[in-house]
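Here's the letter readout for the chains.
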2 protein chains.
Amino acid sequence: MPKGMTKRRPQTRARLLEAATEVFAERGFHGTSIEDICQHAGYTRGAFYSNFGSKDELLLVLFDANSERVLDRLRAVELPEGDTDVFAAAVAAAATPPDDDRTWFLITTEFTLYAVRNPRAAAALNERDARLRTSLAELLGELYTRAGATPAVDLEDLARLVVAVVEGARAQSHLEPDALPPGRLEQQFLPTVLRALAAPRR
Amino acid sequence: MPKGMTKRRPQTRARLLEAATEVFAERGFHGTSIEDICQHAGYTRGAFYSNFGSKDELLLVLFDANSERVLDRLRAVELPEGDTDVFAAAVAAAATPPDDDRTWFLITTEFTLYAVRNPRAAAALNERDARLRTSLAELLGELYTRAGATPAVDLEDLARLVVAVVEGARAQSHLEPDALPPGRLEQQFLPTVLRALAAPRR
DNA sequence: TGTATCGGATACGTATCTGTATCCGATACA
DNA sequence: TGTATCGGATACAGATACGTATCCGATACA
């Protein structure tokens, strides 16, 4: 805790961030006024400007916090031991989205749009994605090892593919949850794909 | 042309739509005021309200128009004849994005967000996606035929996968054009993936 | 050529949002 | 317990966006 005083401050910061999460998810970033956030959090705009310089700044903080969460989730994935179908088991273990996925899908997508137009945000997003791919590549490497196979392609490239599939599927699932339950596309295809990208036995 | 009169009308409509396309891409849907659109098109708000009921309505029209374009593009894909690597050739033929892809990536993504929150838009989006998948499944079927193979999975499901990969890759490319040129991920992986999903020869 | 209708411009009132400047209660700290 | 500082509320002034109501020039049509 910084020098002067505090105790209320981190609380209101947290509450503002949480409120912003919900309101952004509901109405979008541009569609949300600072007033909306404060109202939803039970504060006035005074509190907001005392804690953040602008709506943009808050969004960056929000995104960074979520990035850590996502990375933690990925790092927490444990590869199963069973020797039946390692690929399928691994995908199944990793493919369950959290309950609040809808909210974060909306915010992350919003942030993506924001990033395409804003260099500072693009940097943050690309850095997160790079770290995510590194972790994922690591995991994939271990997966192939356990399967007793060698990957036939660069693991970072493969990580890009996996991210593309996951993100693409996520969008479809959030638009038509009934037609495509979350995780289904991944479970249906990723095991086969990963297996197909193992180097041929020699 | 409708009864009363017209000639100017469809022109200004078109110009407003074109202006909206550009401004939405630049500042986002919520970030764009109706005034912005009119100014960029060289009209006043009077012209806007005479042609559209609201910004939302205009967005729907914009999206529908683009949907047709996308479907036309897909239907125009011609499978190559050469017998070398049919899968690679097909992917290469289909993977080149149009020049204005960035603009439409932004708008479509924006529209996706809009759709997650708005049933009417979701219906439009899902209908387009369904038609897109149908066309794509057809194309894939023909592709397997030419390859002398039988698909091992439902083609509509496979179409979902392809769409996921393409959309996921598109997002990555627009965020890091240098690290991932448009179409590269597709060309690198899709041929192998499609081949791997052919039923084993019997 | 006259005239009714159409398309878009202009003008207006209102609502909302923004950022800052100031004020007051609460809390740490001596 | 006194006091300086901190956190958030309140108050204010300006800007921007919205939708409508009205007006005027242009075009179809008789």
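Predicted model, so just to flag it, every value in this text is computed and none were measured.

1. Quick notes on the domain arrangement of chain A
Residues and elements named next belong to chain A.
Stage number 1. By domain assignment, chain A separates into domain 1 (1-53) and domain 2 (56-196).
Stage number 2. For domain 1 versus domain 2, the distance between C-alpha centres works out to 29 Å.
Stage number 3. In this assembly, twelve residues from domain 1 lie in contact with twelve residues from domain 2.
Stage number 4. Here domain 1 meets domain 2 over a buried area of about 1100 Å², counting both sides, of which 78% is carbon and sulfur.
Stage number 5. When residues of domain 1 are sorted by the area they lose upon contact with domain 2, Thr 21, Ala 25 and Phe 29 head the list and together hold 47% of the total.
Stage number 6. Here domain 1 and domain 2 share two residue pairs in polar contact (both at pLDDT 80 or more) between them.
Stage number 7. The set of elements that each furnish at least two residues to the side of domain 1 that touches domain 2 consists of helix H1 (8-27) and helix H3 (45-51).

2. Examining the packing of helix H7 (residues 119-146) of chain B against helix H8 (residues 155-175) of chain B
Residues and elements named next belong to chain B.
Stage number 1. Taken N-terminus to C-terminus, the directions of H7 and H8 make an angle of 105°; their axes are 8 Å apart at the nearest point. Judged by the angle between their axes, H7 and H8 are roughly perpendicular. Of the residues in H8, those touching H7 at Leu 132, Arg 133, Thr 134, Leu 136, Ala 137, Leu 140, Gly 141 and Tyr 144 are Leu 155, Glu 156, Leu 158, Ala 159, Arg 160, Val 162 and Val 163.
Stage number 2. For the contact of H7 with H8, the class distribution of residues is ten nonpolar, two polar and three charged.

3. A closer look at the protein's contact with DNA strand D
Stage number 1. Near DNA strand D you find 18 residues, and of these Arg 9, Thr 12 and Thr 44 of chain A together with Arg 45 and Tyr 49 of chain B are the closest.
Stage number 2. Sugar and phosphate atoms constitute 78% of the interface atoms of DNA strand D, taking the interface as everything within 4 Å of the protein.
Stage number 3. The side chain of Asn 51 of chain A places a nitrogen or oxygen atom 3.3 Å from a phosphate oxygen of DNA strand D.
Stage number 4. For the surface near DNA strand D, a count of residues per class yields six nonpolar, seven polar and five charged.

4. What to know about the relation of the copies chain B and chain A
One copy of the chain maps onto the second through a rotation around an axis plus a translation along that axis.
Stage number 1. Its rotation angle being 180°, the transformation that places chain B on chain A also includes 0.0 Å of axial translation and leaves an RMSD of 0.1 Å. In symmetry terms, the pair is related by a two-fold rotation axis.
Stage number 2. Comparing contact sets, 100% of the residues at the interface of chain B also lie at the interface in chain A, consistent with an isologous, same-surface contact.

5. As for the interface of chain B and chain A
Stage number 1. At the junction of the two partners, chain B supplies 43 residues and chain A supplies 43 residues.
Stage number 2. Overall, the association of chain B and chain A removes approximately 3800 Å² of surface from exposure, summing both partners, and the carbon and sulfur fraction of that is 65%.
Stage number 3. Where chain B packs against chain A, one counts six salt bridges.
Stage number 4. The residue Glu 176 of chain A makes a salt bridge to Arg 160 of chain B at a minimum N-O spacing of 3.3 Å.
Stage number 5. Sorting the residues of the side of chain B that touches chain A by element identifies helix H1 (8-27), helix H6 (101-117), H7, H8 and helix H9 (184-196) of chain B as the ones contributing at least two each.
Stage number 6. Of the residues forming the side of chain B that touches chain A, the biggest block, eleven residues, is contributed by H8 of chain B.
Stage number 7. Grouping the amino acids of the side of chain B that touches chain A by side-chain chemistry returns 23 nonpolar, ten polar and ten charged.

6. Remarks on the pattern of salt bridges
One side chain can pair with another of opposite charge once the charged atoms of both are near each other.
Stage number 1. For the structure shown, the criterion picks out 30 salt bridges over all chains.
Stage number 2. Between Arg 128 of chain B and Asp 129 of chain B there is a salt bridge, with its nearest N and O atoms 3.1 Å apart.
Stage number 3. Because the salt bridges share partners, they merge into one network encompassing Arg 133, Glu 156 and Arg 160 of chain A together with Glu 176 of chain B.

7. Quick notes on the packing of helix H4 (residues 55-75) of chain A against helix H7 (residues 119-146) of chain A
Residue and element names in this part refer to chain A.
Stage number 1. Direction vectors running N to C along H4 and H7 enclose 5°, while the axes themselves pass 10 Å from each other. Between H4 and H7, the crossing angle belongs to the class labelled roughly parallel. The segment H4 lies against H7, with Leu 60, Phe 63, Asp 64, Ser 67, Glu 68, Val 70, Leu 71, Leu 74 and Arg 75 engaging Arg 120, Ala 121, Ala 124, Leu 125, Arg 128, Arg 131, Leu 132, Ser 135, Leu 136 and Leu 139.
Stage number 2. When its residues are assigned to classes, the contact of H4 with H7 shows eleven nonpolar, two polar and six charged.

8. With respect to the protein's contact with DNA strand C
Stage number 1. Residues in close proximity to DNA strand C total 18 residues, the closest being Arg 45 and Tyr 49 of chain A together with Arg 9, Thr 12 and Thr 44 of chain B.
Stage number 2. The sugar-phosphate backbone supplies 75% of the atoms of DNA strand C found within 4 Å of the protein.
Stage number 3. Within the backbone of Ile 34 of chain A, an N or O atom sits 3.2 Å from a phosphate oxygen of DNA strand C.
Stage number 4. Separating a phosphate oxygen of DNA strand C from a side-chain N or O atom of Asn 51 of chain B is a distance of 3.3 Å.
Stage number 5. Going through the elements one at a time, helix H2 (34-41) and H3 of chain A together with H1 and helix H3 (45-51) of chain B are the ones with two or more residues in the surface near DNA strand C.
Stage number 6. Here the residues of the surface near DNA strand C are counted per class, giving six nonpolar, seven polar and five charged.

9. Structural notes on the nonpolar core
Stage number 1. Within the largest apolar cluster, 65 residues are counted, with the highest numbers of intra-cluster contacts made by Leu 158, Leu 161 and Leu 194 of chain A together with Leu 161 and Leu 194 of chain B.
Stage number 2. A total of nine residues in this core trace back to one element, the largest contributor, which is helix H8 (residues 155-175) of chain A.
Stage number 3. By size, the runner-up hydrophobic cluster in this structure holds 64 residues, among which are Val 116, Leu 125 and Leu 175 of chain A together with Phe 63 of chain B.

10. A word on the environment of Thr 109 of chain B
Stage number 1. Examined against the element boundaries, Thr 109 of chain B turns out to sit in helix H6.
Stage number 2. Taking the C-alpha atoms as reference points, Thr 109 of chain B and Arg 160 of chain B, 51 residues apart in sequence, are found 17 Å from one another.
Stage number 3. In contact with Thr 109 of chain B, not counting residues within four places along its chain, are Thr 109 and Leu 113 of chain A.

Cut-offs applied
Residues numbered from 1 in each chain as written. Chains lettered and ligands numbered in written order. Predicted model: local features only at pLDDT ≥ 70, side-chain atom pairs only at ≥ 80, totals over all residues. Heavy atoms only, no water. Domains from an automatic or database assignment. Contact = heavy atoms within 4.5 Å. Buried area = accessible area lost by both parts, 1.4 Å probe. Polar contact = N/O pair within 3.5 Å; in protein donor to acceptor, adjacent residues only side chain to side chain. Helix = DSSP H or I, 4+ residues; strand = E, 2+ residues; numbered from the N terminus. Axes fitted to C-alpha atoms, helices over the stretch in contact; angles between N-to-C directions. Parallel < 35°, antiparallel > 145°, perpendicular 65-115°, else oblique. Nonpolar A, V, L, I, M, F, W, Y, C, P; charged D, E, K, R; others polar. Near = heavy atom within 4 Å. Least-squares fit on C-alpha atoms with pLDDT ≥ 70 in both. Salt bridge = Lys/Arg side-chain N within 4 Å of Asp/Glu carboxyl O. Core = buried A, V, L, I, M, F, W, Y, C linked by side-chain atoms within 4.5 Å. Buried < 20%, exposed > 50% of the residue type's maximum accessible area, 1.4 Å probe, protein only.

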